[in-house]
Amino acid sequence: MKIIDHADSTILDTIGRTPLLCVNGLVPEVSDKIKIYAKLECFNPGGSVKDRAAYQMIIDAEESGELTKKKIIIDSTSGNTGIAYAMISAVKGYRAKIIIPHNASIERKKIIAGFGAEIVYSSPFEGSDGAIKLAREIYENDPDTYFMPDQYGNPSNWKAHYLGTGPEIIEHTRGTVTHFIACLGTTGTITGTGKALREYNADIKIYAVEPDDAMHGLEGLKHMDSSIVPAIYDRSFPDKTLYVNTDDAYNMVKRITVCGGLPIGHSCGVIVAIFPDGGDRYLSHEI
Ligand SMILES: Cc1ncc(COP(=O)(O)O)c(C=O)c1O
């Protein structure tokens, strides 16, 4: 339990230090010699792992002077980073313009709008790459009006996990972690956490998870062979890349939710160390 008590504390001070939960009980087929932990990122105030990256990108830009109160924060997102930007902007008094594919879940759209951010929809047929292109176009037409963090190319994205998620995992497992698994969106989670873990112990294996098909249903995740590869990602970084089928992921989420009472988002539908968000923002989906 963290107690945050200083003169200017805000909800943003609760980002990070999420719980690590042993989930062996949810996967009885796995030998009990192997311990499986899930880092429950839904405990961040904006409900996902993306609070960490968005906050780091904003505070680094404030510090460098790139972001001022005159600028509008603009970026593309599959939803969770948009929620984080909208929440941070509401707390800090910025305006935010969020570019999101039209078919993102209704929950994500309502939460972003609820925080008072403006939403611009990109084509539902072009996924997160369509949102990236539209955000760039709007920014490039009027660069003085906007600050674009560019979560796919901003090293502050992975820095959040290098400074936070990685050290937290080392501390909470008392340094016994041997494998780290995370799915790929912007790749900030795997890159930053992986760097911190490898610096701690070069033998720790880093596994990436991607959808197995370009036409997948896993919101927030990228099938790299058919997508714009994020500038912050080195595809040779993970020890291995695992490919997950959308139906298998949804079935695993259903099983974990029904059996374990642990409602998670569907990108967590494989045994992972990072559970990026919660099921609340997918309730309108049939799973
Ligand atoms: C639900 C969900 N899972 C996983 C990820 C991937 O995280 P990262 O962008 O750090 O690769 C995202 C990113 O947006 C996401 O929204």
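For the structure, check the block above.
Each chain carries its own residue numbering, running from 1 in the written order of its sequence. For this predicted model, a pLDDT threshold of at least 70 governs which residues receive local features, and a threshold of 80 or more governs which side-chain atom pairs are given and counted, while totals over whole chains, interfaces and linings are taken from all residues. To get the side-chain values, take all heavy atoms of the structure and skip hydrogens and water.

*Asks:* What exactly am I supposed to notice about unusual backbone geometry here?
*Replies:* Most of the time, phi is negative for any residue but glycine, and the peptide bond is trans. We note that Arg174 has phi near 50 degrees; this positive angle belongs to a residue other than glycine. Think of it this way: any DSSP run of H or I at least four residues long counts as a helix, any run of E at least two long counts as a strand, and we number them from the N terminus. Tracing the backbone through its elements, the reader meets Arg174 in the loop between α5 (155–172) and β7 (179–183). Buried, partly exposed and exposed residues are distinguished by accessible area as a fraction of the type maximum, computed with a 1.4 Å probe on protein chains only: under 20%, between the cut-offs, and over 50%, respectively. Judged by its relative accessible area of 74%, Arg174 falls in the exposed class. Despite not being glycine, Thr187 has its phi angle at roughly 80 degrees, a positive value. In this fold, Thr187 is placed in the loop between β7 and α6 (188–200).

*Asks:* Just checking my understanding: could you explain the site of the ligand for this structure?
*Replies:* Residues are labelled near a given molecule or strand when at least one of their non-hydrogen atoms is within 4 Å of it. Looking at the ligand, there are 18 residues lining it, with Lys50, Gly185, Thr186, Thr187 and Thr189 nearest. Polar contacts here mean pairs of N or O atoms no more than 3.5 Å apart (in protein, one a potential hydrogen donor and the other a potential acceptor; neighbouring residues in sequence count only if both atoms are side-chain atoms). Within the side chain of Lys50, one N or O atom sits 2.6 Å away from an oxygen atom of the ligand. One of the side-chain nitrogen or oxygen atoms of Asn80 is found 3.0 Å away from an oxygen atom of the ligand. Considered on its own, the ligand offers 380 Å² of accessible surface; in the complex 98% of this is hidden by protein. Of the residues belonging to the shell around the ligand, the class tally is 5 nonpolar, 9 polar and 4 charged. Residues from two domains meet in the shell around the ligand; each of domain 1 (11–49 + 156–282) and domain 2 (50–147) gives at least three. The protein chains shown are the only cover counted for residues, whose accessible areas, like all others here, come from Shrake-Rupley with a 1.4 Å probe. For this scheme, ten residues count as nonpolar: Ala, Val, Leu, Ile, Met, Phe, Trp, Tyr, Cys and Pro. Four count as charged, namely Asp, Glu, Lys and Arg, and the remainder, Gly too, count as polar. What counts as a domain boundary in this text is fixed by an automatic or database domain assignment.

*Asks:* Quick question: what am I supposed to make of the environment of Thr191 here?
*Replies:* Considering the arrangement of structural elements, one finds Thr191 in helix α6. Take Thr191: its relative accessible area is 4%, and that puts it in the buried class. Once residues lying within four places of it in the same chain are set aside, the contact partners of Thr191 are Trp158, Ile232, Tyr233 and Phe237. Pairs of residues are marked as contacts when any of their non-hydrogen atoms sit within 4.5 Å.

*Asks:* Which parts of the structure should I look at to understand the sheet that holds strand β9 (residues 240–244)?
*Replies:* What holds strands together in a sheet is hydrogen bonding between their backbones, with the strands either parallel or antiparallel. Strands were regarded as paired on the criterion that DSSP finds at least two bridges between them. Strand order in this open sheet of 3 strands is β7-β8-β9, and the pairing throughout is parallel. Both outer strands of the open sheet, β7 and β9, are each paired with one neighbouring strand and no more. Taken over all neighbouring pairs, the strand axes of this sheet differ in orientation by 25 degrees on average, direction set aside. Across 5 bridges, strand β8 (residues 205–211) lies against β9 in parallel orientation. Paired with Pro211 across the two strands is Val244, which belongs to β9. To get an axis, fit a line to the C-alpha atoms, keeping to the stretch in contact for a helix; angles then go from 0 to 180 degrees between the N-to-C directions.

*Asks:* Teacher, can you tell me more about the packing of helix α1 (residues 50–64) against helix α2 (residues 80–92) here?
*Replies:* The description of two packed helices rests on the angle between their axes and on the distance between the axes. At their nearest, the axes of α1 and α2 sit 8 Å apart, and the two run at 50 degrees to each other. One finds that α1 runs oblique with respect to α2. Here α1 runs over α2; the crossing is right-handed. Of α2, the residues touching α1 (which contributes Lys50, Asp51, Ala54, Tyr55, Met57, Ile58, Ile59 and Glu62) are Asn80, Thr81, Ala84, Tyr85, Met87, Ile88 and Lys92. Comment on the angle field: the value is read as roughly parallel under 35 degrees, roughly antiparallel over 145, roughly perpendicular from 65 to 115, and oblique elsewhere. Helix crossings fall into two classes, left-handed where the near helix is turned counterclockwise from the far one by less than a right angle and right-handed where it is turned clockwise.

*Asks:* How do you make sense of the packing of aromatic side chains when you look at a structure like this?
*Replies:* Each pair of aromatic rings is reported with the distance of its centres and the angle of its planes. When the centres of two rings from Phe, Tyr and Trp lie within 6.5 Å, Trp using its six-membered ring, the rings pair. Their planes under 30 degrees apart give stacked, over 60 give edge-to-face, and anything left gives tilted. Applying the stated criterion across every chain yields a total of 1 aromatic pair. Judged by centre distance (6.1 Å) and plane angle (90 degrees), the rings of Trp158 and Tyr162 are edge-to-face. Of the two residues, Trp158 and Tyr162 both sit in helix α5, 4 residues apart, roughly one turn of that helix. Look at Trp158 and you get partly exposed, because its relative accessible area is 23%. Note on criteria: charge over ring means Lys NZ or Arg CZ within 6 Å of the ring centre, with the direction from the centre no more than 35 degrees off the ring normal. A cation over a ring is seen here: Lys195 above Trp158, with NZ or CZ 4.8 Å from the ring centre. Its guanidinium or amino end placed over the ring of Phe237, Arg198 lies 4.5 Å from that ring's centre, counting from NZ or CZ.

*Asks:* Honestly, the sheet that holds strand β4 (residues 95–101) in this entry has me stumped. Any pointers?
*Replies:* Here 4 strands make up an open sheet; going across it, the order is β5-β4-β3-β6 and the pairing parallel. Of all strands in the sheet, those bounded by a partner on one side alone are β5 (118–122) and β6 (146–147). As paired elements, strand β3 (residues 72–76) and β6 share 2 bridges and run parallel to each other. Its bridge partner lying in β6, Ile73 is registered against Phe147. With respect to the sheet, helix α3 (residues 106–114) is in contact with β4 and β5, its orientation differing from that of β5 by roughly 150 degrees.

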